[in-house]
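Residues per chain are reported as follows:
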Amino acid sequence: MIPRYARPEMVAVWSPETKFRIWYEIEAHACDAQAKLGVIPQENADAVWKAKDVEFDVARIDEIEAVTKHDVIAFLTHLAEHVGSEEARFVHQGMTSSDVLDTCLNVQLLRAADILLADMDKVLAALKKRAFEHKDTLRVGRSHGIHAEPTTMGLTFARFYAEMDRNKARLQQAREEIATGAISGAVGTFANIDPAVEEHVCEQLGLSPEPISTQVIPRDRHAMFFATLGVIASSIENIAVEIRHMQRTEVLEGAEFFSMGQKGSSAMPHKKNPVLTENLTGLARLVRMTVIPAMENVALWHERDISHSSVERGIGPDATVTLDFALNRLAGVVDKMLIFPENMLANMNKFPGLVMSQRVLLALTQAGVSREDAYAMVQRNALKVWEERVDFQEQLLADADVVAALGEDGIKEKFDMGYHTKHVDTIFARVFKD
């Protein structure tokens with residue numbers, strides 16, 4: 001990803017220096033296991049660790065690869081330059097390149113997942129704080145973009161919290177699924193290497209041995225991982241779109257924080273645009289576009305081809321770096337977001353009392369009016385509110401049929417806002433269990 005949408009910690013996971021360090025650790029741990037089994041001399045295994053503090057020269061490895069046309073061989077050649085050709089002659093014994101590449105990729109994905117999980121904790125903390133802050137702040141709920149019934153801003157934040165909490169659980173599961181390594185040889189049969197080597201390397205790297213690999217770790221695991229990132233990105237967009245709608249001039253129930261000196265438009269000095277949440281919508285698209293290629297990588301020829309390789313070199317860093325940036329941006333947006341309760345009430349009262357139509361409908365049916373007649377009685381008064389901006393309660397009080405069924409006090413009682421918020425505490429107890 002471009003630096004504009006990248007954070008250093010996640011970028012470092014995918015740097016060539018990190019990759020070669022992981023490759024080295026895989027090879028060194030494999031040599032330790034081979035020596036323990038008596039396959040190679042102990043002194044050769046020990047010699048490999050002479051490079052434990054070496055900063056591998058990326059330019060030198062690229063120079064060798066320009067000749068060999070093989071990245072793993074280029075690295076092994078460079079490693080021998082540090083360890084010594086004779087001492088390094090048992091490095092990569094019985095292994096194939098994918099043992100190194102796939103195990104390394106999964107280590108990187110594991111580290112990326114840990115960063116993303118920490119990011120999600122920031123988002124969850126911000127959503128929880130704002131949910132409790134505005135638990136009882138009334139706003140109108142909308143369906144199809146049209147006023148429906150009263151809700152609270154706290155419930156909006158709580159809904160997003162619950163969604164992100166589910167996403168965190170999904171990511172934890174995806175992390176567990178991707179945490180496997182394979183040191184199983186050319187087609188995964190362990191013909192030239194003992195399974196104990198795989199067990200040792202995986203233990204040292206915080207992985208579990210892949211139960212059955214071919215020449216690669218099965219790509220359904222990776223498809224699941226990237227699909228999970230795509231779902232998380234969609235949830236980011238879900239929150240971002242709500243904030244963008246709230247910031248519209250005609251709505252203005254909430255807005256992104258606008259800092260001192262910030263400019264909204266090069267042409268119109270009055271503008272305060274939701275640029276951060278619009279950016280999040282775009283970043284979500286970038287993360288999701290990695291999902292289909294990851295799923296297409298599942299179907300490889302026989303024990304392996306490399307049609308997946310070029311894809312993963314791109315989508316691994318792209319998806320994780322972008323999502324890391326997006327989650328951190330979202331946490332900041334939610335934490336600093338401006339809320340305008342007065343505008344929420346003004347919007348709800350734009351068509352005075354209209355949001356209580358269902359409560360009146362239900363009261364009429366409970367009073368003995370058929371549902372069809374009750375609906376017609378309520379709707380004829382509601383339509384006047386739509387068309388003439390009159391007060392709904394006053395219209396009902398002037399309707400002899402409604403008054404006959406409910407009485408004046410019965411009508412007025414149906415306009416208590418507390419009716420719609422009486423179960424907010426129950427919902428919060430379900431969402432926030434700790």
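Quick note: structure is the one above.
Attention here is on the structure that accompanies the text. As the structure is a prediction and not an experimental result, all values here were calculated from the model. (Residues numbered from 1 in each chain as written. Predicted model: local features only at pLDDT ≥ 70, side-chain atom pairs only at ≥ 80, totals over all residues. Heavy atoms only, no water.)

### What to know about the overall build of the protein chain
Right, on to step 1. From N to C terminus, the protein chain includes 19 helices and six strands.
Right, on to step 2. Its C-alpha radius of gyration of 30 Å places the protein chain more than 25% over the 22 Å reference for a compact globule of 434 residues.
Right, on to step 3. Here the C-alpha coordinates of the protein chain stretch approximately 100 × 50 × 40 Å along the principal axes.
Right, on to step 4. Burial status across the protein chain gives 50% buried among its 434 residues.
Right, on to step 5. Intrachain contacts of the protein chain at a sequence separation of at least 6 include 76% that bridge at least 24 residues.
Right, on to step 6. If you sum the accessible surface of the protein chain, you get close to 21,000 Å²; carbon and sulfur atoms cover 53% of it.
Right, on to step 7. Side chains of the protein chain carry 47 positive and 63 negative charges; the gap between the two charge centres is 7 Å. (Helix = DSSP H or I, 4+ residues; strand = E, 2+ residues; numbered from the N terminus. Rg over C-alpha atoms; globule rule 2.2 N^0.38 Å. Buried < 20%, exposed > 50% of the residue type's maximum accessible area, 1.4 Å probe, protein only. Contact = heavy atoms within 4.5 Å. Areas by Shrake-Rupley, 256 points an atom, 1.4 Å probe, with all protein chains shown as cover. Lys, Arg positive; Asp, Glu negative; His and termini not counted. Charge placed at Lys NZ, Arg CZ, Asp CG, Glu CD.)

### As for a nonpolar patch on the surface
Right, on to step 1. Judged by side-chain polarity, Ile 146, Leu 383 and Trp 386 come together as a nonpolar surface patch covering roughly 270 Å² of accessible area.
Right, on to step 2. In this structure Leu 383 comes out as partly exposed when scored by relative accessible area, which is 37%. (Patch = residues over 30% accessible without salt bridge, like charges linked within 9 Å, V, L, I, M, F, W, Y side chains within 5 Å. Salt bridge = Lys/Arg side-chain N within 4 Å of Asp/Glu carboxyl O.)

### Focus: the pattern of salt bridges
Right, on to step 1. As enumerated under the stated definition, the model contains 22 salt bridges in all.
Right, on to step 2. As a salt-bridge pair, Asp 324 and Arg 7 come within 2.9 Å of each other at their nearest N and O atoms. Of this pair, Asp 324 sits in helix α12 (residues 309–336) while Arg 7 sits in the segment before α1 (8–13), and the two are 317 residues apart along the sequence.
Right, on to step 3. The exposure class of Arg 7 is partly exposed, given its relative accessible area of 22%.
Right, on to step 4. Across the pair Arg 142 and Glu 253 runs a salt bridge, and its minimum N-O distance is 2.8 Å. Residue Arg 142 is located in strand β1 (residues 138–143), and its partner Glu 253 is located in the loop between α9 (220–246) and β5 (254–255); the two are separated by 111 residues in the primary sequence.
Right, on to step 5. The class for Arg 142 is partly exposed, based on a relative accessible area of 33%.
Right, on to step 6. One continuous salt-bridge network, built from bridges that share partners, spans Arg 139, Arg 142, Glu 242 and Glu 253.

### A word on helix α15 (residues 371–388)
Right, on to step 1. Here α15 is 18 residues long and its end C-alpha atoms lie 26 Å apart, about the 26 Å a rise of 1.5 Å per residue gives.
Right, on to step 2. Along α15, the residues that are buried comprise Ala 374, Met 377, Val 378, Asn 381, Ala 382 and Val 385.
Right, on to step 3. Check the buried side of α15 and you find it contacts α14 (357–366), α16 (392–397) and α17 (400–413).
Right, on to step 4. Of the residues one or two after α15, Arg 389 is the one with positive phi, at around 60 degrees. (Expected span 1.5 Å × (residues − 1).)

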